Amino acid sequence: MFQRHHTAQPAAFLLTILVFLALVATAARASPVGALVAAPEMDQGGLFLPGERPGYVVPATQVATDVTIEVSGMIARARVVQRFENPTDRWTEGVYVFPLPETAAVDRLRMVIGGRIVEGEIQERETARQAYEEARDAGQQASLVSQERPNLFTNAVANIAPHDSITVEIEYQQSLDYDAGTFNLTFPTVVLPRYIPGTPSAAPQDGTGWAYDTDQVPDASRITPPVAAPGTGPVNPVSLTVELDAGFPLGEIESPSHPIMLTAGEYGRVTVTLATDDVWADRDFRLRWQPDVGAEPNAGVFSETLDGARYHLVLLVPPTDIEADGIEGREVVFVIDTSGSMAGDSIVQARQALLMALDRLRPQDRFNVVAFNSRPRMLFEKARPANAEAVAAGREFVRALEADGGTEMAPALWLALHEPRPQDVFRQVVFITDGAVGNEAELFGLIGQAIGTTRLFTVGIGSAPNAFFMREAAAMGRGTFTFISSETVVGDRMEELFARLEQPALTDIDVDWGVDAVVEFQYPSPIPDLYVGEPVVATARLPAEATTDRVVVTGQAGGRPWRVEAALDTGAEAPGVAALWARNRITDLERDGYMGRDDAEIRAEILEVALAHQIVSRVTSLVAIDSEVVRPPEEDLETDAVATNMPDGVDMQMAGGVEGDGPEPALGPLPQDAHSGSMDTAALPAPAAGPQSSLDLIHGMAQLYGPAQHEPVTVVTHLPSGATPQMLNAIIGGLLIIAAALLFRVSRRRTRPVAA
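Okay, so let's go over this structure. (Residues numbered from 1 in each chain as written. Predicted model: local features only at pLDDT ≥ 70, side-chain atom pairs only at ≥ 80, totals over all residues. Heavy atoms only, no water.)

1. What to know about the environment of A578
Let me state the cut-off plainly: Think of it this way: any DSSP run of H or I at least four residues long counts as a helix, any run of E at least two long counts as a strand, and we number them from the N terminus. Here's how the labels work: a residue is buried when its accessible area is under 20% of the maximum for its type, exposed when over 50%, partly exposed in between, all with a 1.4 Å probe on protein chains only. Working rule for contacts: check all heavy atoms of both residues, and any pair within 4.5 Å makes them a contact.
Position of A578 relative to the elements: it lies in helix α9 (residues 577-594). Given the relative accessible area of 2%, A578 is considered buried. When the C-alpha atoms of A578 and L306 are compared, they prove to be 7.1 Å apart, with 272 residues separating the residues in sequence. Other than its neighbours up to four places away in sequence, A578 contacts E304, L306, Y311 and H613.

2. A look at the pairing of strand β8 (residues 105-113)
Condition: Here a strand pair is declared whenever DSSP counts at least two bridges between the two strands.
Pairing geometry for β8 and strand β13 (residues 164-175), over seven bridges, is antiparallel. When the bridges of β13 are listed, R110 appears paired with E169. Adjacent in sequence and paired antiparallel, β8 and strand β9 (residues 116-119) are bridged by two residues, among which G114 carries a positive phi angle near 65 degrees.

3. Examining the nonpolar core
Put simply, the rule reads: Residues grouped as a nonpolar core are buried Ala, Val, Leu, Ile, Met, Phe, Trp, Tyr and Cys residues, joined through side-chain atoms within 4.5 Å.
Formed by 75 residues in total, the largest nonpolar core has its most connected members in I69, V71, Y172, L185, F187, V242 and W289. No other element matches the eight residues that α9 contributes to this core. Once residues lying within four places of it in the same chain are set aside, the contact partners of V242 are I69, V71, L185, V270, T271, V272, F285 and L287. The next biggest cluster of nonpolar side chains, apart from the first, holds 40 residues, and it includes V391, A393, V430 and L497.

4. A short note on the packing of helix α5 (residues 409-418) against helix α6 (residues 440-450)
As a reminder of what qualifies: The convention used is that axes are lines fitted to C-alpha atoms, helices contributing only their stretch in contact, and that angles between N-to-C directions extend from 0 to 180 degrees. Every angle not falling under 35 degrees, over 145, or within 65 to 115 is termed oblique; those three ranges are roughly parallel, roughly antiparallel and roughly perpendicular. Polarity classes work like this: nonpolar for Ala, Val, Leu, Ile, Met, Phe, Trp, Tyr, Cys and Pro, charged for Asp, Glu, Lys and Arg, and polar for all others, with Gly in that last group.
Running from amino to carboxyl end, α5 crosses α6 at an angle of 10 degrees, the nearest separation of the two axes being 10 Å. By the angle between their directions, the pair α5 and α6 is classed as roughly parallel. Contacts from M409, A410, L413, W414, L417 and H418 in α5 reach L443, L446, I447 and A450 in α6. When its residues are assigned to classes, the contact of α5 with α6 shows nine nonpolar, one polar and no charged.

5. Points about the pattern of salt bridges
Our working rule: Salt bridge, as used here, is a side-chain nitrogen of Lys or Arg placed within 4 Å of a carboxyl oxygen of Asp or Glu.
For the structure shown, the criterion picks out 49 salt bridges. Measuring nitrogen to oxygen at the nearest pair gives 2.0 Å for the salt bridge that ties R500 to D179. Taken as a pair, R500 in helix α8 (residues 490-501) and D179 in strand β14 (residues 177-179) lie far apart in primary sequence, 321 residues in all. Comparing R500 with D179 shows no difference in burial state: the two are buried. A salt bridge links E472 to R591; its shortest N-O distance comes to 2.4 Å. On the criterion of sequence distance, the pair formed by E472 in helix α7 (residues 467-476) and R591 in helix α9 is long-range, its members being 119 residues apart.

6. A word on the sheet that holds β8
A sheet is described by the order of its strands in space; here eight strands give the open sequence β9-β8-β13-β6-β5-β16-β19-β18, paired in mixed fashion. Looking at which strands have only one partner, the edges of the open sheet turn out to be β9 and β18 (260-264). Put simply, the sheet's adjacent strands are angled 15 degrees from each other on average, direction ignored. In this structure, strand β5 (residues 62-72) lies alongside strand β16 (residues 238-245), joined through eight bridges in parallel fashion.

7. Considerations on the packing of helix α3 (residues 345-360) against α8
Keep this limit in mind: Crossing handedness: left-handed means the near helix sits turned counterclockwise from the far one by under a right angle, and right-handed means the same turn made clockwise.
At their nearest, the axes of α3 and α8 sit 10 Å apart, and the two run at 45 degrees to each other. Relative to α8, the element α3 is oriented oblique. You can see that α3 and α8 cross each other, and the crossing is right-handed. Along the contact surface, α3 presents Q349, Q352, A353, M356, A357 and R360, while α8 presents V490, G491, M494, E495 and F498.

8. Concerning the sheet that holds strand β7 (residues 91-99)
With mixed pairing, six strands are arranged side by side in an open sheet as β10-β36-β11-β12-β7-β37. Each having just a single partner strand, β10 (121-124) and β37 (637-641) make up the two edges of the open sheet. Sheet twist, expressed as the mean angle between neighbouring strand axes with direction ignored, is 25 degrees.

This is how it looks when you write it as structure tokens:
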């Protein structure tokens, strides 16, 4: 008989027990302190998070939004009211990452506490942040609104009392889109999860998002709000009203995104409201209206005087009866996004749009297709004539496309813009995507440097595409952008795009303000090429003493001249035109940065413009601080990142999914001569390392660590954005458990058999 010595086992076992108790204590400290609710009893609605006791949850901070938009001619003034509700027993700081229109000039902030109103101030971003943090730490209620992207903002609200709420009002000015006889208004309500390329940064994370900051997206943690997990139900309700004063008799009014109700008012005004009460922040609200027959505007002028300068916004519609020959020798490269964020309705819409585009090709055209997710894949080695055989191969390729993987746009854009072509061939690139990327500036720089004589047209797919990327990429590529929000509008939107692709652009456009050398700044500058149905829209700042009374726009269409003009002295006085000019001025400065201009110079100029015109930018913020101290010093403050919905129609399990070094996702069978890998990839930009936006990874991290103090605690699908003390304790504890297990195993091996 043999016995084993166990002298090392008690020590290892004791170490394991101690580590386990330490982890339990850490978890208890990290757990929310709100009122616990049994999971089966969650029948009152709202968002809930895991509590410190198994089978129990705690309610989470939510935001209800009420939007009122007043439209006057070409200008919209919006008031966005966000009510931060704290249903817990703890003092909280709510952090809400939310979208606004990419052309919005945000200029006002008010914080409503009970019956008191605290007005916000525009300050340099770092100054505003320091003032907010000092007030927060002192127990004062405060709000800080910062711009992360032109269409993406953060509102931080400090010291919301237990079972109380704080209301924040944000206002902005916006010019409308007018195209092909239709006015368009968009109000985004939800952030599509972004793909975050690059190597994670070792520096402390600045935001409360699920992604780590990276070398390619240094603010990733600020643009990736947590997403409510499936089964929790929709969060963040929205109500919306549009007061529409078009200035002319109206024809059709429609919303392709939401059911609406119309109420006629005096003098041709119309009130538009949502037809149902249960509307959630999960898709962009879109409103379109057309003038009545014969009432179509051909010119519009809006003006404002501010600090000794005269600001003008003009809309001039070129003649629609311009005769010009169609484009000959055209080559079209279709680029289609098949990344994980396109899963669901988006990939269906994208395939449908691309199949329609292939059917519209003419025999004299040449074409190619580039599909991309974590890497690009081309239909043909080079563009081919659009004969029946080639188009059939293209249709087979497109029908087999499925959505999966990351959103590595740079290699696909590089291929589309650099493909060799004959000198007499005019190339157009049609880029079909939801724009779910965080490295926009890098991509804009690539487009600006590689575009040459090519024209880039963007097609935004889905219920909540990244409109900032779509609009700016088209502007950098001297093309247009088209939004497709559902299958029902694919045909109409693609028909509008085809009309542009098949006709020459209106070029050599010049705006003459009637005087020489007095126009201080005009935007855009120069005026870009236009396409059929597009108006000239320009803003300018002139000295108040300028003696001009007329603006004249001239250009060329297929070698034929055209001209249109309008009187400036008949323009309507419109407060906010100066802010719109400033927004355009800042956009122009940012474009200089995409092309390599020194960022310090750009920041200084943006700061000067933003402070002078009192608008939010990437270097200025709005801050409102109440003077009263409300949180007792003995009470802790916990930060909640407000969870958002997944955009409607997006497959949550696929959105943001990224490939690592695994096999290339299957894109379906390729035609025999199709090109899938023999291109010279040595010159291609390398795909980013390190997946950052896989929701599977988010789920896994949340289940492993759970919510942590000073981290977003409002969603199961949250990826911790930095190494908090609780996370470090958990990691260290895990390592100690592993060490204890190894010690236990070694002790067993060291035992020696002895005779009985």
